[in-house]
Amino acid sequence: MFVTFVYDMAYLLPLLGGALLGLGRFFEIEDAGVWHFAVMLLAAVVCEIFRVVNSRGRLVMAVMGLLTAVSIAVLTEPGQRIELYNKCVPYINCVIMTLVCFVLMIFLVKFRKVRIILALLLTAGMITAAIMDIELHKLVVASAFFIIAAVMADIIQVRWKKSGYTDAGKHFVYILPFIFVMCIVVFAVPASEKAYDWGFVKRFASYLQEKYNEIAHGIVLSRSDDYFASVIGFSERGEVSGDSYKEPEEMIELVYENGFSTDVYLSGKHFDTFNGREWLVLNNSKIDDAMFDLIASRACANKYNTNVTDIMRTVKLQLEFKNQKTAYMFMPLKSLLTESQNKLKTLNQGGNRMFEKKMGYKTAYKLNYYKLNRNADNFIGFIRAEHELDTKTWDREAILYRNRDERLYTYEQYQQWKQMVFDWYGQKVELSSELRSYMDKIYEGAEDDFDKLVRIEALLKGFDYTNTPGELPARVNSPASFLDYFILHKREGFCSYYATAFVLLARAEGIPARYVQGYHVKSGNSNTTMVTSDMSHAWPEVYINDFGWLPFEPTPGYGRTVSWMTREEEQALKEKLKETAEEYIHDEYEPVDITAEEEEPEEEEEQETFDWRLIVFPAALGIVLIPLFKIIERLADRRRFRKKSQKDKIADICHRNMKLLGMSGYKMENGETLAEFGKRVMEKEETDLNNFIGEYELLSYSTVRDEEKSLCTVYEAYLELQLLFKKKHKFRYLLYKINNTSIRIRTIEE
Amino acid sequence: MRRNRIILLILWIISLVGISFAGGPVTYGFFTLFTIVPVFSWIYILIVRFRFRIYQQSEARTLVVGRKVGFKFNLQNEDLYAFAGIRVQFLTDFSSVIGLDGNEEYELFPMTGISKETELVCKYRGRYEVGVDRIIITDYFRLFSTTFKNKRMVEVYVQPRLVHLTEVRHANLTVAATKDTAMGDSADILTREYMPGDDIRYIHWKNSARRQQLMVRKTIGEDQPGVGIIMDSCRYSDKPTEYLPVENKILETVLALVYYYLENGIPVQNLYLEKKLAMSRTENVSGYDSFYGKMNSFEFKSGRNNKTLFTMAGSLNDIYKNRMMVFVIHEWCAEIAKLAEALSSSNIPVIIYMINDNAEAVPVDNNINRCKIIRVPVEADLKEVL
């Protein structure tokens, strides 16, 4: 009975849950809750008891239920009946749904095919709901899975050949805990509304990709740099001629740590000597050109008696090499290295900051560089001004970079650096007479060297840009011949041509200048920018006395867009905005506070009272009716007994006697005969059962000859066994007396 | 089982695709369900593995080869959930459980068990384990199964059986029982090859001249007619599946032959190796029990070899007193041939029973006079072979 009960409930409960949550809304059950399910559960248990338990108690339960319903209907005032009914409709519907589910459950447990069909329908239904984006409650889904899992287990059990007793229902009941816990887990695990993005898989794949790139680059880029000139777009050899084909490859990743990206020129290598066809680095100086340039610029800016941020602003940058393998450290002008991966060792050679060895994929370092307010009038005025750094001004700035080593960046070393700059980057260039005349016309009216440089820049910007200027003629073999060819004839080329021409023209005016190769990175919308090989570029840098290096951009199509407002300009703009805004403020209307909520009128609280009569009356009725019912039942039983034949009476009493013995703790074992059983009982109890056993044996295996005597004998045993039972279990005896009709027979003496 | 796993894998992959394209309790529910089903199956198997009880018992711990003895085992479920699939496999190398199939699968409901009473038969003599070897547990979805070894083994000691031979084909009882008369060398004189240490007074010059080698008379005095059996005492392998059958058959053959000869009134002298060469003589059937006891407790050892056995046996004068010699061996060696020749030249017939399944182990170029080699397969019925 336990197995049947659990098996039925195992199928019924998911049906109830699914019905309540899935179909409740169609039965006027809004916001299905615990109480609704409790009602359904109660109804289900009652139905199941009716089905499984073979007892007259079922009738009592039915009567009680009916009485309760009748009492409620009778005791409720006519005017309130409809209201009561409306309140009870959801619960009544719950009971109706329970009955429907119960009927369905009966078919489920009886017919395997029905179970399979239901499982398939549930699967199809859920798939349809998923495709059509129909919202389903998790409990409904878990309930459906429970039924599907149960059917799966059932099918497997049926096909499974096992020896001995195998009952599919019992099997299911006793593996139920595992299936139930599985469905609980399904219910409990959070289910996102969005499809899974496989973030960890993507991250892992990305990690593998990075690792592969690292290995691949390590293998591929271990060859000569020159081989990759066309790949990386940056050649350490500074060749000018030829066509420039730049296939975009990711070279360096830039991360701007304090905001969005900005235009930046990443210097890679500086060249000092041009032989007419290519730039060379003949300077062997070990002076740290970048640091002296930085200190000089900062010292000048601080001395200029203006807000330094109007001239230069700090940008924090992080660089990481990708498809790059070089010893040259890519840095913007005016940079200060702050951190390098594993404290990479660097050296200075020929005006270039370099790594001690070639570095490749994943090489990373951080730096701060001072972005110049290049296009601002304020800055140009500052550049044009006379700068002379004395020892005091120099030391005041240099002390910030010395790291407590007084031997670093002294004023004397600064002077040596300046001399080096003039020696290597101020090499005089003699122009041809034709070019000299041409340039003199260009310089006509120039106020100073800076003006000349601006005019040179403007002149070159007026030429055409081309990536395929062709080979340089063989006659071009000196700076002068190059300038003649390019300025007076060719007038087109790519960045290297323009940078070269600018540097040479500047040097022709006695202004130290150098040719720089690197990357021109344009500003973007995020703080991370990938420097690709097609961003490779060449540009000139000019030495401004005591300030340091200043970049120019003579290449057509390239422009410097760096400028920002000075503090004074910002202040002036704010004042103007404030004035403008004040003109449009109106004072006519009072401000309305829209945040205040409207106060709702207070509702009178209704006081609900519970009518205890709904419980007391049916209970009282039950107390009266149930004993009456029992009395009627006993009278009917006794009448039935009296109507039986003698033989049937004997059999009836024998069965009662065996039942009493069973309740007293004595049950016949497998293979035990009646005589052995009786002997076993009598060994432990004082009751003499020999006569009863004898009569029972005759009844069972033979024929009873003297039925009257036999009846008396078994009746006497019946009375004795009742006493025995009473002695052993008083309370259970009481229950036995209540539930069982005692019989009486007239003895022979009577 | 494989089919179920494949189905589960396909469903799991489909659920992976489902959650990649759509969210919600259905797709994630499917994925969760198909992911945890195998997990729970394994948990279930592990729980059953540690909660499962098996009891087995043999009626006797000392058995005899080939004789049936009662055996029962009980599989018990003492928990509140079902053990869905239990399969029991028995040890079959040296014993067999009658009437039970190792492929039968049982289900045990809570607080129930399965009891089986049957019979056990052991095939070989020795001390070994019998009964349930392994238990295979399968989960309720038939996805996975695990096999674990039964730790509560039943060890039995099996005695060799006595095969009662009514006749031995190759043995001539008359020769074995009577004195040797006209055997070719000299009337009434039995001689053998001279061995260093023999008394020169016993040199039989006539036979020596005839045979062109020194021959001495056999011990003069009361002749002791009988059969000598030299038993191979070596263990030829480390694996019980290899050495137990061979040793069993050797002992069985020796016991059967000894009993046969004793039954026919022929004393038997047995030689074998223990720490040194051991010899036991049984005059009649009443002494057989004692001999059986010795053979029962005899241990074959791997350090021994036939070369030593037959060399030492050949040096004994006593063996030349026998009317017939029987060698029961597993492997051939030159010393066996040498001794057989020596015996043959002393007019003592030799029968060699080679307990070996490999026909090539039997030397093909046996041209020793009065020497027969009979191969006895390890699993052969002695009554048919002998």
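Parameters at a glance
- Residues numbered from 1 in each chain as written.
- Chains lettered and ligands numbered in written order.
- Predicted model: local features only at pLDDT ≥ 70, side-chain atom pairs only at ≥ 80, totals over all residues.
- Heavy atoms only, no water.
- Helix = DSSP H or I, 4+ residues; strand = E, 2+ residues; numbered from the N terminus.
- Buried < 20%, exposed > 50% of the residue type's maximum accessible area, 1.4 Å probe, protein only.
- Contact = heavy atoms within 4.5 Å.
- Phe/Tyr/Trp six-rings, centres within 6.5 Å; stacked < 30°, edge-to-face > 60°.
- Patch = residues over 30% accessible without salt bridge, like charges linked within 9 Å, V, L, I, M, F, W, Y side chains within 5 Å.
- Areas by Shrake-Rupley, 256 points an atom, 1.4 Å probe, with all protein chains shown as cover.
- Salt bridge = Lys/Arg side-chain N within 4 Å of Asp/Glu carboxyl O.
- Lys, Arg positive; Asp, Glu negative; His and termini not counted.
- Charge placed at Lys NZ, Arg CZ, Asp CG, Glu CD.
- pLDDT = per-residue confidence, 0-100.
- Pairing = 2+ DSSP bridges.
- Axes fitted to C-alpha atoms, helices over the stretch in contact; angles between N-to-C directions.
- Buried area = accessible area lost by both parts, 1.4 Å probe.
- Polar contact = N/O pair within 3.5 Å; in protein donor to acceptor, adjacent residues only side chain to side chain.
- Arc of directions from axis to C-beta.

**So, the overall build of chain B**
For chain B, the count of helices and strands is 9 helices and 19 strands. Across the 386 residues in chain B, those meeting the buried criterion constitute 54%. Summarising the internal contacts of chain B: among those between residues at least 6 apart in sequence, 68% fall at separations of at least 24.

**Some points on the packing of aromatic side chains**
Describing an aromatic ring pair means giving the distance of the ring centres and the angle of the ring planes. Residues and elements named next belong to chain A. For the coordinates displayed, the defined rule picks out 69 aromatic pairs over all chains. With centroids separated by 6.0 Å and ring planes inclined at 55°, the aromatic side chains of Phe379 and Phe382 adopt a geometry described as tilted. A residue pair is termed a helical-turn pair when its members lie 3 or 4 positions apart in one helix, as Phe379 and Phe382 do in helix H12 (residues 377-384) at 3 residues. Between Phe382 and Phe547 the ring centres are 5.4 Å apart and the planes differ by 80°, which places this aromatic pair in the edge-to-face class. Residue Phe382 is found in helix H12, and its partner Phe547 is found in the loop between strand S15 (536-544) and strand S16 (548-551); the two are separated by 165 residues along the sequence. Pair check on accessibility: Phe382 and Phe547 agree, each one buried.

**A closer look at a positive patch on the surface**
Together, Arg638, Arg639, Arg642, Lys643 and Arg744 of chain A give the surface a local cluster of positive charge. Counting through the fold element by element, Arg642 of chain A comes out in helix H20 (residues 613-642).

**Focus: the confidence of the model for chain B**
Residue and element names in this part refer to chain B. Counting all residues, the mean pLDDT for chain B is 85, and 92% of those residues have values of 70 or more. Taken element by element, chain B is modelled with least confidence in helix H3 (residues 173-177), mean pLDDT 55, and with most confidence in strand S14 (residues 227-231), mean pLDDT 92. Across residues 179-187, confidence stays below pLDDT 50; counting only partners more than four residues off in sequence or on other chains, it has 19 contacts. Here the predicted complex scores 0.57 on pTM and 0.70 on ipTM.

**Considerations on the sheet that holds strand S2 (residues 62-64) of chain B**
Residue and element names in this part refer to chain B. Taken together, the 3 strands give an open sheet; going across it, the order is S2-S11-S8, and neighbouring strands pair in mixed fashion. Edge positions in the sheet fall to S2 and strand S8 (126-130), since each has one partner strand and no second. Taking the axes of each pair of neighbouring strands and ignoring which way they run, one obtains an average angle of 40° across the sheet. Pairing between S2 and strand S11 (residues 154-159): 3 bridges, direction parallel. Opposite Thr62, over in S11, you have Tyr157 as the bridge partner.

**With respect to the pairing of strand S4 (residues 83-90) of chain B**
All names here are of chain B. Counting buried residues along S4, 6 of its 8 residues qualify, which places the element largely inside the surrounding structure. Pairing of S4 with strand S6 (residues 105-108) involves 3 bridges; the strand directions are antiparallel. Counterpart to Ile86 in the pairing with S6 is Tyr106.

**Some points on the interface of chain A and chain B**
On the side of chain B, 37 residues touch chain A, which itself brings 39 residues to the contact. Here chain A packs against chain B, burying approximately 3,400 Å² in sum over the two surfaces, 75% of which is carbon and sulfur. Summed over the three residues of chain A that lose the most area to chain B, namely Trp160, Phe178 and Met182 of chain A, the buried surface amounts to 22% of that side. Viewed at the interface, chain B and chain A are joined by 1 salt bridge. With a closest N to O distance of 2.7 Å, Glu107 of chain B and Lys162 of chain A form a salt bridge. Taken together, the connections running from chain A to chain B amount to 11 residue pairs in polar contact (both at pLDDT 80 or more). Looking at the side of chain A that touches chain B, the elements that each hand over two or more residues are helix H5 (112-131), helix H6 (138-159) and helix H7 (168-188) of chain A.

**Comments concerning helix H7 (residues 306-314) of chain B**
All names here are of chain B. Along H7, the residues classified as buried are Asn306, Leu309, Phe310, Ala313 and Gly314. Down the axis of H7, the buried set is contained in an arc of 120°. They therefore lie on one face. Packing partners of the buried residues in H7 comprise S14, strand S15 (268-273), strand S16 (277-282), strand S17 (324-329) and helix H8 (334-345). Of the residues that open H7, the one with a side-chain oxygen 3.2 Å from the backbone nitrogen of Lys307 is Asn305.

**Description of a nonpolar patch on the surface**
Together, Ile6, Ile7, Ile10, Leu11 and Ile14 of chain B make up an exposed nonpolar region whose accessible area comes to about 430 Å². Mapped onto the elements of the fold, Ile14 of chain B is located in helix H1 (residues 2-21).

**Quick word on the pattern of salt bridges**
Residue and element names in this part refer to chain A. Counted by the stated rule, this structure contains 38 salt bridges over all chains. Its salt-bridge partner being Asp154, residue Arg112 comes within 2.9 Å of it at the nearest N-O pair. Residue Arg112 is found in helix H5, and its partner Asp154 is found in helix H6; the two are separated by 42 residues along the sequence. Here Arg112 falls in the partly exposed class, since its relative accessible area comes to 32%. What makes Asp154 buried here is its relative accessible area of 6%. Counted as one network, the salt bridges with shared partners bring together Arg384, Asp448, Asp451 and Arg455.

**A look at the environment of Phe271 of chain A**
Within the element layout of this structure, Phe271 of chain A appears in strand S2 (residues 264-271). Sequence separation between Phe271 of chain A and Tyr515 of chain A is 244 residues; the distance between their C-alpha atoms is 5.2 Å.

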